[in-house]
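Below, each chain spelled out in residue letters.
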Amino acid sequence: MDKIKLVIWDLDETFWKGTISEEGVKIPKRHIGIVKELTARGIVNSICSKNDEKNVNLALEKAGIKDYFVFNSVNWEAKGQRLKGMIDEMNLRPVNVLFLDDNPSNLKEAEFYAKGIHARLPDFISGMLDHPSLKGKDDHEHSRLKQYKLLEQKRTEAKTYSSNEEFLRQSAIRIVFEDPSSHLERLAELSERTNQLNYTKKRSGEKDFKRYIESEEYEVKCFRVLDNYGDYGIAGTYIIKGDEYVEFIFSCRILGMGVPGFIYSFTGKKKLQAEGEVSEEYDREVDWITIKEGGTGEDEELGERKKLLIIGSCDLEQASYYMSRTHDIDKEFNYPKMNVMVHGDHTYWLAKQDLKQRYLKNKAIMRMPFMDRSIFETKMFSKDYDTIVYSPSMDYIQGLYAHKRDKRLIIPYGFFWKNMTEKKNWKEYQDEKRLTRKFLKWFSDNFTFLGPNTSGQFRKNLEAICSDKKKRYILLNQPEFSMKEERRRHHKKLNKVLDDFSKANGNVTLIDVREIVKGEKDVTDDPTHYTREAYYLLVQMLVKAAGKEITTNKRIWSWNRWVARAKKLVRMLRR
């Protein structure tokens, strides 16, 4: 078996026990541990399953491992061509992929469409971590997983452009040359392990590169590649002797970006004896890349990196990859506990830090499945951050419940339009939130329903949260398109509060989601769950807001609106 870089898992009766569409599933702790250990070894995990994607994502989120998988393919189509497409999308070769499935027919289909793939039944799982082909390389920072998440996001965004070249032009690809003697290990790794973009197929080690660098006969260069989506690290090297390339190698991370063609032209199109198959033409015109020779690895245009904290629901997770270009990112998102999601992002939790000890001393409350000590461990008020990005979306959704014996203890949870203390709603909370009937009865005996957060309390909470005038706060509102009237009215009330609050505070920027999400075509299963196209526009607004200095009463509008205004101006000038 070749060195494995990617493990693709089937789900039902493979990764987990049971069938999610029937009796439900149980994920063995050992399998969760294997996925995490593979990730720490720099081996990426993905999913190819015949299933309902929404149910799968919910199960993975509850197990706390959804973010360990990339390029998942979850639908009811045959697996063979899907597997080949996944491997191609990830710029890998089938010989470096392990596919696990309990159905022998699926394994045969995989071997037919993805020639060279290693297809195994689930009995292979128990010995995976001891297999020499899955030894990997220490990657406890999950850098390889992050690179593939970055690639996954780019693939998604590229589909919104009319052509790949148009997408590459807006990506602002930059090359920064660095001292090759400082990266000998990485250069040897590129030479010894890369096939798809190793044009000479030479296999030079660290000693070879050191000898090349010390000799006046050779010109040795290595470079970092960056774009609007992130930093790809040292992603290429070339060695020239006379008029010929000795080494001409690029990381598969940058496959399809046009870097080999740019470097070939930049270096004067020396003689290149390409050996074997390669995945990208090198003799092509590329005019969408800029170069900075003698760089340090930092993009000079970006200046000093500032620290940014993102707080909200998991939908904001994707935005962090983009913002990491200009900021050092920390995140606070919802997470699972006992198969129930814990949310610490309601304004009530963030604004009522003075009640922390009171909550922590109440053992009954802290044993709730959706409660955790970390709710009170927010970094919102830390001096370490220049900018806070915050989405108070839970205020738009959750209801408030007061403790009957200590009315200062208020719990945000569930749906404000479905009182959790009313028995008629228990079934839905059991199905949707995975709460037990026993717990719901206890909760109903000890708490009183208050309804949604009021406009007045929402404003007070925002004032407490955004109290540091030296910080910049980027706040998101919520859409108001046709939904249940009770919920729509609540959205409008809270949006009005955010409108007024941002106008009254010069250090607050409002991201107006209403300009993006205008109807059902812009959302998936809920008014707060956006389509990829809508989310793409939202990310553009966030990056723009985080990357510029704030001005009084500033408001960020969607890209579509500015385009519409520009078109209107052009029409006026033509008249």
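Residues numbered from 1 in each chain as written. Predicted model: local features only at pLDDT ≥ 70, side-chain atom pairs only at ≥ 80, totals over all residues. Heavy atoms only, no water.

## Quick notes on the sheet that holds strand 18 (residues 399–403)
The strand order across the open sheet formed by three strands is 19-18-20, and the pairing between neighbours is antiparallel. If you trace the sheet from one side to the other, it starts and ends with strand 19 (410–413) and strand 20 (447–451), each paired once. Going from strand to strand, the sheet's axes swing by 30° on average, the running direction of each strand aside. As defined by bridge partners, strand 18 adjoins strand 19 across four bridges and the pair is classed as antiparallel. Bridge pairing in strand 19 places Tyr401 opposite Ile411. Along the sheet, helix 16 (residues 437–446) makes contact with strand 18 and strand 20, crossing strand 20 at roughly 80°. (Pairing = 2+ DSSP bridges. Helix = DSSP H or I, 4+ residues; strand = E, 2+ residues; numbered from the N terminus. Axes fitted to C-alpha atoms, helices over the stretch in contact; angles between N-to-C directions. Contact = heavy atoms within 4.5 Å.)

## Considerations on the packing of helix 17 (residues 455–465) against helix 18 (residues 485–504)
The axes of two packed helices give the description: the angle between them and the distance between them. One way to put it is that helix 17 packs onto helix 18 with a least axis distance of 10 Å and a crossing angle of 35°. Along this stretch, helix 17 crosses helix 18, giving a crossing that reads as right-handed. Of the residues in helix 18, those in contact with Ser455, Phe458, Arg459, Leu462 and Glu463 of helix 17 are Lys493, Leu494, Val497, Leu498, Asp500, Phe501 and Ala504. (Left-handed = near helix turned anticlockwise from the far one by under 90°.)

## Quick word on helix 18
Because each turn of an α-helix spans 3.6 residues, side chains separated by three or four positions in sequence point in the same direction. Between its first and last C-alpha, helix 18 extends 29 Å over 20 residues, near the 28 Å set by a 1.5 Å rise per residue. Inspection of helix 18 places Arg487, His490, His491, Leu494, Asn495, Val497, Leu498, Asp499, Phe501 and Ser502 among the buried residues, and these make up the whole buried set. (Expected span 1.5 Å × (residues − 1). Buried < 20%, exposed > 50% of the residue type's maximum accessible area, 1.4 Å probe, protein only.)

## What about the sheet that holds strand 1 (residues 6–9)?
The strand order 5-4-1-6-7 describes an open sheet built from five strands, whose pairing is parallel. Each end of this open sheet is capped by a strand with a single partner; those strands are strand 5 (73–75) and strand 7 (118–120). In this sheet, neighbouring strand axes are inclined to one another by 20° on average, regardless of whether the strands run parallel or antiparallel. Taken together, the four bridges between strand 1 and strand 4 (residues 44–50) define a ladder with parallel strand orientation. If you follow Leu6 over to strand 4, its bridge partner there is Val44.

## Observations concerning the pairing of strand 4
In the case of a regular strand, side chains alternate between the two sheet surfaces. Of all the seven residues making up strand 4, six are buried; the element is thus mostly covered by neighbouring parts of the structure. Handedness of the crossover joining strand 4 and strand 5 through helix 2 (residues 53–62): right-handed. (Right-handed = clockwise from strand over helix to strand, strands pointing away.)

## Remarks on the side chain of Arg82
Tracing the chain through its elements places Arg82 in helix 3 (residues 79–89). Buried charge Arg82 goes without a salt bridge, the closest partner of opposite sign being Glu77 at 5.1 Å. Engagement of the side chain of Arg82 in a polar contact is seen with the side chain of Asn75, the distance being 3.1 Å. Only 3.4 Å separates the side chain of Arg82 from the backbone oxygen of Ala78, close enough to count as a polar contact. (Lys, Arg positive; Asp, Glu negative; His and termini not counted. Salt bridge = Lys/Arg side-chain N within 4 Å of Asp/Glu carboxyl O. Polar contact = N/O pair within 3.5 Å; in protein donor to acceptor, adjacent residues only side chain to side chain.)

## Considering the packing of helix 3 against helix 4 (residues 104–113)
One way to put it is that helix 3 packs onto helix 4 with a least axis distance of 8 Å and a crossing angle of 50°. Between helix 3 and helix 4, the interaxial angle falls into the category oblique. Once helix 3 is placed against helix 4, the crossing between them reads as right-handed. Here Lys79, Gly80, Gln81, Leu83 and Lys84 of helix 3 lie close against helix 4, whose contacting residues are Asn106, Glu109, Ala110 and Tyr113. Residues that form the contact of helix 3 with helix 4 fall into these classes: three nonpolar, three polar and three charged. (Parallel < 35°, antiparallel > 145°, perpendicular 65-115°, else oblique. Nonpolar A, V, L, I, M, F, W, Y, C, P; charged D, E, K, R; others polar.)

## With respect to the side chain of Thr39
Note on placement: Thr39 falls in helix 1 (residues 29–40). Thr39 sits in the buried class, given a relative accessible area of 3%. Of note is the side chain of Thr39, whose polar atom sits 3.5 Å from the side chain of Asn45.

## Some remarks on the packing of aromatic side chains
In the structure shown here, the tally under the stated rule is 35 aromatic pairs. Ring plane angle 65° and centroid distance 5.3 Å describe the contact between Tyr199 and Phe248, whose orientation is recorded as edge-to-face. Here Tyr199, found in the loop between helix 7 (184–193) and helix 8 (206–214), pairs with Phe248, found in strand 11 (residues 244–250); they are 49 residues apart in sequence, far enough to count as distant. We classify Tyr199 as buried; its relative accessible area is 0%. Residue Phe248 is classed as buried on the basis of its relative accessible area of 0%. Pairing Trp442 with Phe447 gives two aromatic rings, centres 6.2 Å apart and planes at 65°, and the pair type is edge-to-face. A cation sits over an aromatic face here: Lys433 above Tyr413, 5.7 Å from the ring centre. (Phe/Tyr/Trp six-rings, centres within 6.5 Å; stacked < 30°, edge-to-face > 60°. Lys NZ or Arg CZ within 6 Å of the ring centre and 35° of its normal.)

## Structural notes on the nonpolar core
Among the nonpolar cores identified, the biggest contains 56 residues, and Phe248 and Ile263 are the most heavily contacted of them. No other element matches helix 19 (residues 532–547), which puts 10 residues into this core. Apart from residues no more than four positions distant in its own chain, Ile263 is found in contact with Ile175, Phe177, Phe223, Tyr238, Phe248 and Phe250. Tyr348, Tyr359, Met366 and Tyr401 belong to the second-largest nonpolar core, a separate cluster that totals 32 residues. (Core = buried A, V, L, I, M, F, W, Y, C linked by side-chain atoms within 4.5 Å.)

## Thoughts on the environment of Phe124
By the secondary structure assignment, Phe124 is in the loop between strand 7 and helix 5 (143–158). When its relative accessible area of 16% is taken as the criterion, Phe124 is described as buried. In this structure, Phe124 is in contact with Met1, Leu98, Leu100, His131 and Leu134, ignoring residues within four places of it in sequence.

## Some words on the pairing of strand 1
Neither face of strand 1 is open: one carries Leu6 and Ile8, the other Val7 and Trp9, and all of them are buried. The sheet contact formed by strand 1 and strand 6 (residues 97–100) spans four bridges and is parallel. Bridging from a neighbouring strand, Ile8 pairs with Phe99 of strand 6.

## Digging into empty space enclosed by the protein
Tallying each qualifying case throughout the model produces one cavity of 30 Å³ or more. For the largest cavity, the calculated volume is near 40 Å³. Residue lining of the largest cavity: His343, Trp349, Phe370, Met371, Ile375, Gln398, Pro412 and Tyr413, and that is the complete set. Each residue belonging to the lining of the largest cavity can be placed in one class, and the counts come to six nonpolar, two polar and no charged. (1 Å grid on protein atoms, 1.4 Å probe; cavity = no way out; pocket = protein on both sides within 12 Å on 5 of 7 lines; lining within 4 Å. Points joined across faces, edges and corners; volume = space filled by probe spheres on them.)

## Overview of the environment of Leu168
For Leu168, the position within the fold is in helix 6 (residues 164–170). In this structure Leu168 comes out as buried when scored by relative accessible area, which is 3%. Taking the C-alpha atoms as reference, Leu168 lies 6.8 Å from Trp288; in sequence the two are 120 residues apart. Apart from residues lying up to four places away in sequence, Leu168 is in contact with Ile173, Gly256, Met257 and Trp288.

## Section: unusual backbone geometry
We note that Glu13 has phi near 65°; this positive angle belongs to a residue other than glycine. By the element assignment, Glu13 lies in the loop between strand 1 and strand 2 (17–19). The phi angle at Arg434 is positive, at roughly 60°, despite the residue not being glycine. Owing to a relative accessible area of 42%, Arg434 belongs among the partly exposed residues under this scheme.

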